[in-house]
Amino acid sequence: MKKTTQQLITIANTFAINDKIVSAEPFGNGHINDTYKVTTDKGEDKYILQRINHQIFTDVDTLQKNIHIVTTHIRKKLEEQNATAIDRKVLTFFPTKDGQLYFHDNDSYWRICLLIPESKSYEEVTPELSYEAGRAFGDFQSMLADIPEGMLGDTIPNFHNMEFRLQQFRDAVHADSAGRVATIKPLIEAIEQRAKAMCIQEELYREGKLKKRVNHCDTKVNNILFDKSGKVLCVIDLDTVMPGFVLSDIGDFIRTGANTGAEDDTNLDNVGVNIPIFEAYTRGYMETAQSFLTPLEISLLPYGGRLLTYMQTVRFLTDYINGDTYYKIHYPEHNLVRTQAQFKLLQSLEEHAEQMDGFMQQWL
Ligand code: ADP
Ligand code: GN1
Ligand code: MG
């Protein structure tokens, strides 16, 4: 249910913050949660209020506990490194006045954190920003590497499990609940042709050759905050931090940051891989992640870009087939447009596979 500004203000004031909130307005470009910037009576834009999408994150308790563990863990690491301005480098969440990690108002779940001032998220990056992002996500993974196994729950089970995503896709095609399957046969075929080659992570895992690590699992370029000088401040959007395969995190960045077009570009001529962005990200990432990656993981990093782009093609098309029940859409065919743009990017990544795979040789 949509909330009035007054209702949002009342919700924000249920949290244990030392400020009086007087206004709230929509903020950012996420596809999942509802994000608001809230302002205090002193005129400061000081907090981010979010309604958690509990149709998608059905276990809000596990979700908020994960975020609490992850942010506390990173804060401790930063303190040990004597880092300065820690509140700009890790998200700071506030409990409710009665000590809960979130607030439930009968129809929705809410949380509040500090808005990181003078920060910026990008939909498009330069090679310089990409290099910084690579370093930041490598750092992020290495800071979380010592979280004991079993401590974090799966906020969305099988989130980046390609076999599972294909199963959901095939179920959707079979049910054809929105009557759209007949119009998208070539896309369905293109997905099926690649299905086996895109499930090698799950196979390698079963063979004991690939292990799980704590990943961010949504390393879209707009989930990083930069400062004015182009240095990374903070990794945000921690809903999906959970154990998974390491390729997820480089993959989603290549998918979003190293795309010459937009995720939902209507002009497919705009869409393709931006090699300098890929190379800059990889260089930054290898600087902070090389110490914990295995040679197999290193050699597969560009495959991660193809995999996550393929996975997103499958997920957008599945949602289109299901009648648009998952992602927020801005017009009726939006999920189909997103699918076509992702598929075009996938084809471009495939054309450049040899070159991108070859780039990893310097670390092998
Ligand atoms: P979603 O899950 O819907 O993508 P995000 O948590 O990524 O939601 O937030 C959406 C956008 O809001 C981000 O891309 C970023 O621009 C902005 N944002 C979120 N948290 C903060 C914060 N603490 N400080 C500044 N900006 C933020
Ligand atoms: C969603 O929340 P947001 O917009 O950062 C999605 C990701 C997709 C992405 C596609 C929980 O991310 O997995 O890759 O959209 N998050 C969830 O843009 O499904
Ligand atoms: Mg986001």
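Residues numbered from 1 in each chain as written. Chains lettered and ligands numbered in written order. Predicted model: local features only at pLDDT ≥ 70, side-chain atom pairs only at ≥ 80, totals over all residues. Heavy atoms only, no water.

S.K.: Even after reading the chapter, I still don't get the site of ligand 1, so can you show me in this structure?
M.R.: Close contacts around ligand 1 come from 21 residues, with Gln50, Ile116, Ser121, Asn222 and Asn223 the closest. Contact between ligand 1 and leucine 114: a nitrogen atom at 3.0 Å from a main-chain N or O atom of the residue. A distance of 2.9 Å is found between an oxygen atom of ligand 1 and a side-chain nitrogen or oxygen belonging to aspartate 237. Relative to its unbound accessible area of 560 Å², ligand 1 is 93% covered by the protein chains. Among the secondary structure elements, those contributing two or more residues to the shell around ligand 1 are strand S3 (45-52) and strand S6 (109-114). (Near = heavy atom within 4 Å. Polar contact = N/O pair within 3.5 Å; in protein donor to acceptor, adjacent residues only side chain to side chain. Areas by Shrake-Rupley, 256 points an atom, 1.4 Å probe, with all protein chains shown as cover. Helix = DSSP H or I, 4+ residues; strand = E, 2+ residues; numbered from the N terminus.)

S.K.: How should the packing of aromatic side chains be read in this particular structure?
M.R.: Any two aromatic rings considered together are summarised by their centre-to-centre distance and by the angle between their planes. As enumerated under the stated definition, the model contains twelve aromatic pairs in all. Relative to phenylalanine 245, the ring of tyrosine 205 has its centre 5.5 Å away and its plane inclined at 70°; by these criteria the two rings are edge-to-face. With tyrosine 205 in helix H6 (residues 200-206) and phenylalanine 245 in the loop between strand S10 (242-244) and helix H7 (247-257), this pair connects stretches of sequence that are 40 residues apart. Here the aromatic rings of tyrosine 326 and tyrosine 327 are separated by 4.8 Å at their centres, their planes lie at 75°, and the arrangement is edge-to-face. (Phe/Tyr/Trp six-rings, centres within 6.5 Å; stacked < 30°, edge-to-face > 60°.)

S.K.: Just checking my understanding: could you explain the coordination of the magnesium ion (ligand 3) for this structure?
M.R.: Put simply, a metal with four donors set out as a tetrahedron has ideal angles of 109.5 degrees, and one with six donors set out as an octahedron has ideal angles of 90 or 180 degrees. Bound to the magnesium ion (ligand 3) on the protein side are Asn223 (OD1) and Asp237 (OD), at distances that span 2.2 Å. Note that asparagine 223 is positioned in the loop between strand S7 (213-215) and strand S8 (224-226) and aspartate 237 in the loop between strand S9 (232-235) and S10, a separation of 14 residues in sequence. (Donors = N, O, S within 2.8 Å, 3.2 Å for Na, K, Ca; no water.)

S.K.: Is there a simple way to think about the environment of cysteine 217 in this case?
M.R.: Here cysteine 217 shows up in the loop between S7 and S8. Here cysteine 217 falls in the buried class, since its relative accessible area comes to 4%. Separated by 27 residues in sequence, cysteine 217 and glycine 244 have C-alpha atoms that sit 7.7 Å apart. (Buried < 20%, exposed > 50% of the residue type's maximum accessible area, 1.4 Å probe, protein only.)

S.K.: In this structure, what is going on with the packing of helix H4 (residues 162-175) against helix H9 (residues 295-321)? I would like to understand it.
M.R.: For the pair H4 and H9, interaxial distance at closest approach is 9 Å and the crossing angle is 25°. The orientation of H4 with respect to H9, classified from their angle, is roughly parallel. Here the hand of the crossing between H4 and H9 comes out left-handed. Of the residues in H9, those touching H4 at Met162, Arg165, Leu166, Gln168, Phe169, Ala172 and Val173 are Leu307, Tyr310, Met311, Val314, Arg315, Leu317, Thr318 and Ile321. (Axes fitted to C-alpha atoms, helices over the stretch in contact; angles between N-to-C directions. Parallel < 35°, antiparallel > 145°, perpendicular 65-115°, else oblique. Left-handed = near helix turned anticlockwise from the far one by under 90°. Contact = heavy atoms within 4.5 Å.)

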